[in-house]
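Chain residues, written in single-letter form:
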Amino acid sequence: MEIKLSKEMDPKKALENIIEVKNVKKIYRMGKERITAVNGVSFEIRKGEFCCLLGTSGSGKSTLLNLMAGIEKTTSGQILIKGKNIPKMKENELARFRQKYLGFVFQSYNLINTMTAIENVEFPLVFKKVSAKKRHKAAKKMLIEVGLGTRLKHKPKEMSGGQQQRVGIARAFVGRPEIVFADEPTGNLDTKTTMEVMQIIRRIAKENNQTIVMVTHDPRLAAFADKIIRILDGQIQSVELVTDITNPIEVAAAELALTKAVEQANKPAQEREAEENAKQLQMESDSLTDVSDGGSVVGEGNVIDSENNVVEKQ
């Protein structure tokens, strides 16, 4: 997976926090019962960073994403995106802010079934009052970029799940938003398609210096992130900086490691199993064999002679 980093990637700009979450709480009231979904969470995300919110079902990660996107209101705390306090914004302000700066990738694709692929991708640009000619050109370019140049006029029901999610990705990125929120973007896809979709998301984001905030329960997806925030019971358990995006050497090493991980994941299951079995046999052989001058000890009763034959100890 070859990724061309954005020319906009200025190390000084990368030090900027595009998102700041400060002591955020979200409490739901159900009758007399109070349920704390997010409990005093604080963290920062840099511009151009790929951040993963990792946690099991019910951990509060999706609620946190909804709070960051302004879909739900916080009970207390601050969420600053580009310096704007999201919980304090009115609905019309939020709508304009999302339109200008945010993109969304959904687990269930959320495509309009009566529209073709290109019409679905064009749709967000209608609200930005982009001319028909320009939005058609932008949508077509985006669909080609995600590998769907031959599916422009196909409707969702005429495409596979992986193809539908590619349309969803093209729609999220077509307006070149500074931030893209992705909620379990590969939850309905098989392993091979999952790897393909994640590669596309990361490649486009890195090439355009866009910030990704992704929610997932799958540790394999977290491998694509620069920062992993682990969440449990509405609280942050740990924050792991996998890659310092201001360090070119770390970035290059991360891309190489990720390429190898994707190649491994894309191998047929039988081939991966054969490799693992071979490694296991080698490890067992190494642990049993203790090379000495005349032979190697194998258990208590046998030795291996210089020609690698197992002989009984006299």
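About the cut-offs
Residues take numbers from 1 onward in each chain, read along the sequence in its written order. Restriction of local features to residues with pLDDT of at least 70 applies here, the model being predicted, together with a cutoff of 80 or more for giving and counting side-chain atom pairs; totals for whole chains, interfaces and linings are based on all residues. As a rule here, side-chain values come from all non-hydrogen atoms in the structure, and water together with hydrogens is ignored. For two strands to count as paired, DSSP must find a minimum of two bridges between them. Secondary structure is summarised from DSSP: a helix means a run of H or I of at least four residues, a strand means a run of E of at least two, and numbering begins at the N terminus for each. The contact criterion used throughout is that any non-hydrogen atoms of two residues lie within 4.5 Å. Axis definition: a line fitted to C-alpha atoms, over the contacting stretch in the case of helices. Angles run 0 to 180 degrees between N-to-C directions. Basic side-chain nitrogens of Lys or Arg form a salt bridge, by our definition, when they fall within 4 Å of a carboxyl oxygen of Asp or Glu. Burial here depends on accessible area, computed with a 1.4 Å probe over protein chains only, as a share of the maximum for the residue type. Under 20% is buried, over 50% is exposed, and the range in between is partly exposed. Here pLDDT means the predictor's own confidence in every residue, given as a number from 0 to 100. Aromatic contacts are taken between Phe, Tyr and Trp rings whose centres are within 6.5 Å, Trp giving its six-membered ring; a plane angle under 30 degrees counts as stacked, one over 60 as edge-to-face, and the others as tilted. In this scheme, roughly parallel covers angles under 35 degrees and roughly antiparallel covers those over 145, while 65 to 115 is roughly perpendicular and the rest are oblique. Throughout, a crossing is termed right-handed when the near helix is turned clockwise from the far one, and left-handed when it is turned anticlockwise from it by less than a right angle. By the convention adopted, Pro, Cys, Tyr, Trp, Phe, Met, Ile, Leu, Val and Ala count as nonpolar, Lys, Arg, Asp and Glu as charged, and the other residues, Gly among them, as polar.

> Help me understand the sheet that holds strand β1 (residues 17-30), please; the structure alone is not making it clear to me.
Sheets are built from strands that pair by backbone hydrogen bonding, the pairs being arranged parallel or antiparallel. Reading across the sheet, the four strands line up as β2-β1-β4-β5 and stay open at both edges, with antiparallel pairing between neighbours. If you trace the sheet from one side to the other, it starts and ends with β2 (33-46) and β5 (84-85), each paired once. With respect to the sheet, helix α2 (residues 61-68) is in contact with β1, β2 and β4 (76-81), its orientation differing from that of β2 by roughly 65°.

> Explain the pattern of salt bridges here, please?
Opposite charge on two side chains makes pairing possible when the charged atoms of those side chains draw close. Per the counting criterion, the structure on display carries 14 salt bridges. Here K227 ties to E49 by a salt bridge, and the two come within 3.4 Å at their closest N and O atoms. With a gap of 178 residues between them, K227 in strand β9 (residues 227-232) and E49 in the loop between β2 and β3 (50-54) connect regions that are remote in the sequence. Here E49 falls in the buried class, since its relative accessible area comes to 1%. One salt bridge in this structure joins E240 and R230, with 3.0 Å as the shortest N-O distance. You can see E240 sitting in strand β10 (residues 235-241) and its partner R230 sitting in strand β9, a full ten residues away along the chain. Several salt bridges share partner residues, and in doing so they unite R202, K206, D226 and E255 into one network.

> Help me understand the confidence of the model for the protein chain in this model?
Regions with low pLDDT carry predicted coordinates that are not meant to be interpreted in detail. For the protein chain, the average pLDDT comes to 86, and 81% of its residues sit at 70 or higher. In the model, residues 295-301 has pLDDT below 50 throughout and makes 19 contacts with residues more than four positions away in sequence or in other chains.

> Just to check I follow, could you spell out the packing of aromatic side chains for this structure?
Two descriptors summarise a pair of aromatic rings, namely the distance from one centre to the other and the angle between the planes of the rings. Under the counting rule described, the total for this entry stands at four aromatic pairs. Pairing F97 with Y101 gives two aromatic rings, centres 5.0 Å apart and planes at 50°, and the pair type is tilted. With a gap of four residues between them, F97 and Y101 both fall in helix α3 (residues 91-101), about one helical turn apart. Side by side, F97 and Y101 carry an identical accessibility label, which is buried. Centre to centre, the rings of F104 and F181 are 5.9 Å apart; their planes meet at 40°, and the pair counts as tilted. One end of the pair, F104, is in strand β6 (residues 102-106); the other, F181, is in strand β7 (residues 179-183), and 77 residues separate them in sequence. Residue F181 is classed as buried on the basis of its relative accessible area of 1%.

> Can you help me understand the packing of helix α4 (residues 117-127) against helix α5 (residues 132-145) in this one?
Helix-helix packing: each pair is described by the crossing angle between the helix axes and the interaxial distance. The N-to-C vectors of α4 and α5 enclose an angle of 125°; their axes lie 9 Å apart at closest approach. Considered as vectors, α4 and α5 are oriented oblique to each other. Crossing handedness for the pair α4 and α5: right-handed. Listed contacts from α5 to A117, I118, V121, E122, L125 and V126 of α4 are A132, R135, H136, A138, A139, K140, M142 and L143. Grouping the amino acids of the contact of α4 with α5 by side-chain chemistry returns ten nonpolar, one polar and three charged.

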